[in-house]
Amino acid sequence: MKSIVLLVLGLAAMATARPDMDGQTSIVNMDIKQRQIFILKLLNNIIDPVMYKDIQEIGNNFKIEENLELFTRTDVVKTFINFVKIGMLPRGEIFTIHVDRQLKEVVSMFHLLYYAKDFDTFIKCACWMRLHLNEGMFVYALTVAVRHRVDCKGIILPPPYEIYPYYFVRADVIQKAYLLKMKKGMLDTKLCDFYGIKKTDKGVYIIDENVFDKRVYLNEDERLRYFTEDIDLNTYYYYFHVDYPFWMRDEIFDKLKVRRWELNFYICQQILARYYLERLSNGLGEVSTLTWNKPVRNGYWPWMLLHNGVQFPLRPNYYNLVGDRNINVVRLVENYETLIKEAIVKGYIDINGVRLDLMKSDDIEMLGKIVFGKVDKTDVDKFHIDAYRYLLIIMKSVMGFNTWDSDKYFVTPTVLDIYQTALRDPIFYQLQKRLCDLLIHFKKRLPSYTREELYFPGVKIDNIVVDKLVTYFDDYLMDMTNAVTFTEDELKKTTSDMVFLVRKRRLNHEPFQIKLDVVSDKTVDCVVRFFLGPKEDYLGRLIDLNVNRFNFVELDSFLYKLNTGKNTITRNSIEMHNLVRDRIMTRDLWKKIETITDMKDLLVKDLRNYHTGFPTRLLLPKGRIGGMNFLLYVIVTPLKLVDNVDINILDINRKDLFMDFRSTVLLDKMPLGFPFDRHIDYTKFFTPNMKFVDVVIFHKKQVCDMKTRWDRYVLKNYNMFDYTYGAEDYNVDVDINTKVDRDVNLFDF
């Protein structure tokens, strides 16, 4: 066995046909494919009334109050019924989990779905909610329930940008789609030319979001919009929250979702580090430390309009945080941070007379519970502790319209209040830095790793070879049809007569390999970790490793079996751990399912890491046209398998076992981020089983013929029905010597 790679496979079995299910079909007798199609229908076109007759029939006939025996916990049903009687957030209003009342309501919805005894009851509850409750709450509750219920392990969810495009597409683009819909495509040709609107030969309308993308240039952070507003990056963050909600109790989690709070800290640190690499690529400095008592220098203009007509608020430059309206919230944040820092320094915290230690490496879980607001009554054996709430929520409320202690039911959320949009605002990374500072503060209490902890006796990294690293920008299409209201006839047909796609610009990289020669004097299981970090700061100065260690991003981590002698390990960029390729459009995926027989083959090729994966194309930062210096760090350590783990989960060929696992190294007892998570003692750090190598990332500016690129690489792939992933998908074979006629319009051809 050459390599043991844990594939994070989103369990999936999709429907073989798209037509509506017969209302007489018993839900109990649904196979996994029918269940899949039912979930897709529940999440389709959520801003309009229900257009599927079977969902209407089930939802209208199911009486929750009369079926308490269908739930494993009757108390959650009673709580939900009480919320319904009082009155929940109505349809059409914008849902945000950061308003305490809305959080309690949506958690009660999730509990109702989660504690349903069987899939039959689960679907009936979901149909009832789809008919009667707020669409945003419904999508959130159903999404979290599908990701945590055992009988939903075979279901793939549509990407959030297809469910609700308003969180991912600029307002002016959606407005153009409405104009096309109102006039049935009969727009002035000059207007279409000016705004980059094109109709394909298959009747699909494509609107170019890149036209006039910089209407307003607020500050230098605008250079990073291609990264912060990337739809797949924001999807990654949203799905992580769905899998690890801060409000969820530990007993609901799958037993394999271990080290929950450590993983929360690690994802926070990794996103911040990845953002910093992108800042360096654009000549920007470190992420500044947010100070509550000084104006925020850089503002943000989202350019997004929600479906109820409410705009996401903009934040101007030099925005003053502290005012009469939120001075108490600012003080609350400062007090919480002070209490937590003091607890870290003391090595413990006392809550209701119960001492909670913060001294050992494993105590990071307790620190996470304190920071993320989940010190439950079972931990202190008295009553629920509400003193420590999720710090990031309080911080976000300071930046917005104070959703924290607002007594209003209807609020205007900022992009920070929505998990699908939070990464768009540069201030988010400053808030994340404050949380990471608590992690760094805690890690300083721990001793540096000894040579024995770092050394792998008998194992030496002999050589590392890295292909040329090249990044570029390319185009891709996103389905935004659900952003436009259906007509009455379309609702009856359950399909839109007009399909709208939006053309976006994204960062990508050419495929590359990393080859590693490892010499071992024995046959042994090991863990291999690849990290990418900056070598120089934005002024070109070398960065001290102890200052720089939290800026390293984990490129890859995997388990491997070393044989005696020389081992050559080859890792391809498209095969690295927990990466997701371009998600297939749901409409094309439905068609593709009709032609396949081997569902597992589809999972491995097209749907791998569908819910958990980090975007493959964002693996590398942009770099620079002339090349930018980075450091690649590789370390090979012995595998110290965590306790009570079935070794058979390493067998990716088992047909009866698919699992979601965000990090391979969670199976290893060493902390996440090892060995950069602790202060480095230079006299003990460097061992033969680790190696630093210099790498250079080049950015290739696109100067090819725009029509060739548009026809060959964009229009060719907008229909994913016959699309099969492979290495060639990542090759952008542009002819940089092609003459460019800059006076020729793209759509004149």
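About the thresholds
Residues numbered from 1 in each chain as written. Predicted model: local features only at pLDDT ≥ 70, side-chain atom pairs only at ≥ 80, totals over all residues. Heavy atoms only, no water. Salt bridge = Lys/Arg side-chain N within 4 Å of Asp/Glu carboxyl O. Helix = DSSP H or I, 4+ residues; strand = E, 2+ residues; numbered from the N terminus. Buried < 20%, exposed > 50% of the residue type's maximum accessible area, 1.4 Å probe, protein only. Pairing = 2+ DSSP bridges. Axes fitted to C-alpha atoms, helices over the stretch in contact; angles between N-to-C directions. Expected span 1.5 Å × (residues − 1). Lys, Arg positive; Asp, Glu negative; His and termini not counted. Polar contact = N/O pair within 3.5 Å; in protein donor to acceptor, adjacent residues only side chain to side chain. Phe/Tyr/Trp six-rings, centres within 6.5 Å; stacked < 30°, edge-to-face > 60°. Lys NZ or Arg CZ within 6 Å of the ring centre and 35° of its normal. Parallel < 35°, antiparallel > 145°, perpendicular 65-115°, else oblique. Left-handed = near helix turned anticlockwise from the far one by under 90°. Contact = heavy atoms within 4.5 Å. Nonpolar A, V, L, I, M, F, W, Y, C, P; charged D, E, K, R; others polar.

Colleague: Looking at this structure, how should I read the pattern of salt bridges?
Modeller: Pairs may arise between side chains of opposite charge once their charged atoms sit close together. Inspection of every chain in the model, using the stated rule, returns 43 salt bridges. Across the salt bridge formed by D475 and R503, the nearest N and O atoms sit 3.2 Å from each other. Taken together, the residues span a long stretch of sequence, with D475 in strand β7 (residues 469-479) and R503 in strand β8 (residues 499-509) at a distance of 28 residues. Relative accessible area serves as the criterion here: at 6%, D475 is assigned to the buried category. You can call R503 buried: its relative accessible area is 2%. Between K566 and D517 there is a salt bridge whose closest N-O contact spans 3.9 Å. Here the residue K566 occupies a position in strand β12 (residues 565-572), and D517 occupies one in strand β9 (residues 513-520), the gap between them amounting to 49 residues. Note on K566: relative accessible area 59%, which makes it exposed. Residue classification places D517 among the buried positions, given a relative accessible area of 14%.

Colleague: For this particular structure, what's the right way to read the sheet that holds β9?
Modeller: Hydrogen bonds between backbone atoms are what pair the strands of a sheet, whose relative direction is either parallel or antiparallel. Taken together, the 3 strands give an open sheet; going across it, the order is β6-β9-β12, and neighbouring strands pair in antiparallel fashion. The sheet is open, and its two edges are formed by β6 (459-466) and β12, each paired on a single side. On average, each strand axis in the sheet is inclined to that of its neighbour by 20 degrees, with strand direction left out of account. As defined by bridge partners, β6 adjoins β9 across 7 bridges and the pair is classed as antiparallel. Within the sheet, the bridge partner assigned to I464 lies in β9 and is L516.

Colleague: For this particular structure, what's the right way to read helix α5 (residues 119-132)?
Modeller: Each α-helix turn comprises 3.6 residues. Residues three or four places apart therefore point the same way. End to end, α5 covers 20 Å across 14 residues, agreeing with the expected 20 Å (1.5 Å per residue, within 8%). Burial analysis of α5 places 11 of its 14 residues in the buried class, the great majority of the element. What α5 keeps buried is the set F119, D120, T121, F122, I123, C125, A126, C127, W128, M129 and R130.

Colleague: I would appreciate a short explanation of the side chain of R549 in the present structure.
Modeller: Within the secondary structure, R549 is located in the loop between α20 (545-548) and β11 (553-562). For the buried R549, which has no salt bridge, the nearest side chain bearing the opposite charge is D677, at an N-O separation of 6.4 Å. At a separation of 3.3 Å, a polar atom in the side chain of R549 contacts the main-chain carbonyl oxygen of N546. Among the polar contacts listed, one links the side chain of R549 to the backbone oxygen of D677, at a separation of 3.4 Å.

Colleague: Explanation requested: the packing of aromatic side chains in the structure shown.
Modeller: For any pair of aromatic rings, geometry is given as the distance between the ring centres together with the angle between the planes. Applying the stated criterion to the full structure yields 36 aromatic pairs. A ring pair is formed by Y275 and Y429, whose centres lie 3.7 Å apart and whose planes are at 5 degrees; its orientation type is stacked. Of this pair, Y275 sits in helix α12 (residues 260-281) while Y429 sits in helix α17 (residues 427-443), and the two are 154 residues apart along the sequence. You'll find Y275 and Y429 in the same group, each marked buried. Each residue in the set F531, F552, Y633, F676, F685, F686 and F692 is aromatic and connected to the rest through ring pairs, giving one cluster. The ring of F38 carries the charged tip of K41 above its face, separated from the ring centre by 5.3 Å. Its end group placed over the ring of Y455, R451 keeps NZ or CZ at 5.4 Å from the ring centre.

Colleague: What is the right way to read the packing of α12 against α17 from this model?
Modeller: Think of two packed helices as two axes; the pair is described by the angle between the axes and how far apart they sit. Viewed as axis vectors pointing N to C, α12 and α17 meet at an angle of 130 degrees, and their least axial separation amounts to 9 Å. On the basis of the axis angle, α12 is oblique to α17. When you trace α12 past α17, the crossing you get is left-handed. Facing α12, whose interface residues are F265, C268, Q269, I271, L272 and Y275, α17 presents Y429, Q432, K433, L435, C436 and L439. A breakdown of the residues in the contact of α12 with α17 according to their chemical character gives 9 nonpolar, 2 polar and 1 charged.

Colleague: What is the right way to read the packing of helix α1 (residues 32-42) against helix α2 (residues 53-61) from this model?
Modeller: The contact between α1 and α2 brings their axes to 10 Å, and the two run at 85 degrees. Judged on the interaxial angle alone, α2 and α1 are roughly perpendicular. In this structure, α1 contributes F38, K41 and L42 to the contact, and α2 contributes D54, I55 and I58. Tallied by class, the residues present in the contact of α1 with α2 amount to 4 nonpolar, no polar and 2 charged.

Colleague: Sorry if this is basic, but what is going on with α12 here?
Modeller: Compared with the 32 Å implied by 1.5 Å per residue over 22 residues, the 32 Å span of α12 between its first and last C-alpha is a close match. Of all 22 residues making up α12, 22 are buried, and the element is well covered by its neighbours. Positioned one or two residues after α12, G283 has a phi angle of 75 degrees, which is positive.

All we've got here are geometric facts, nothing functional implied.
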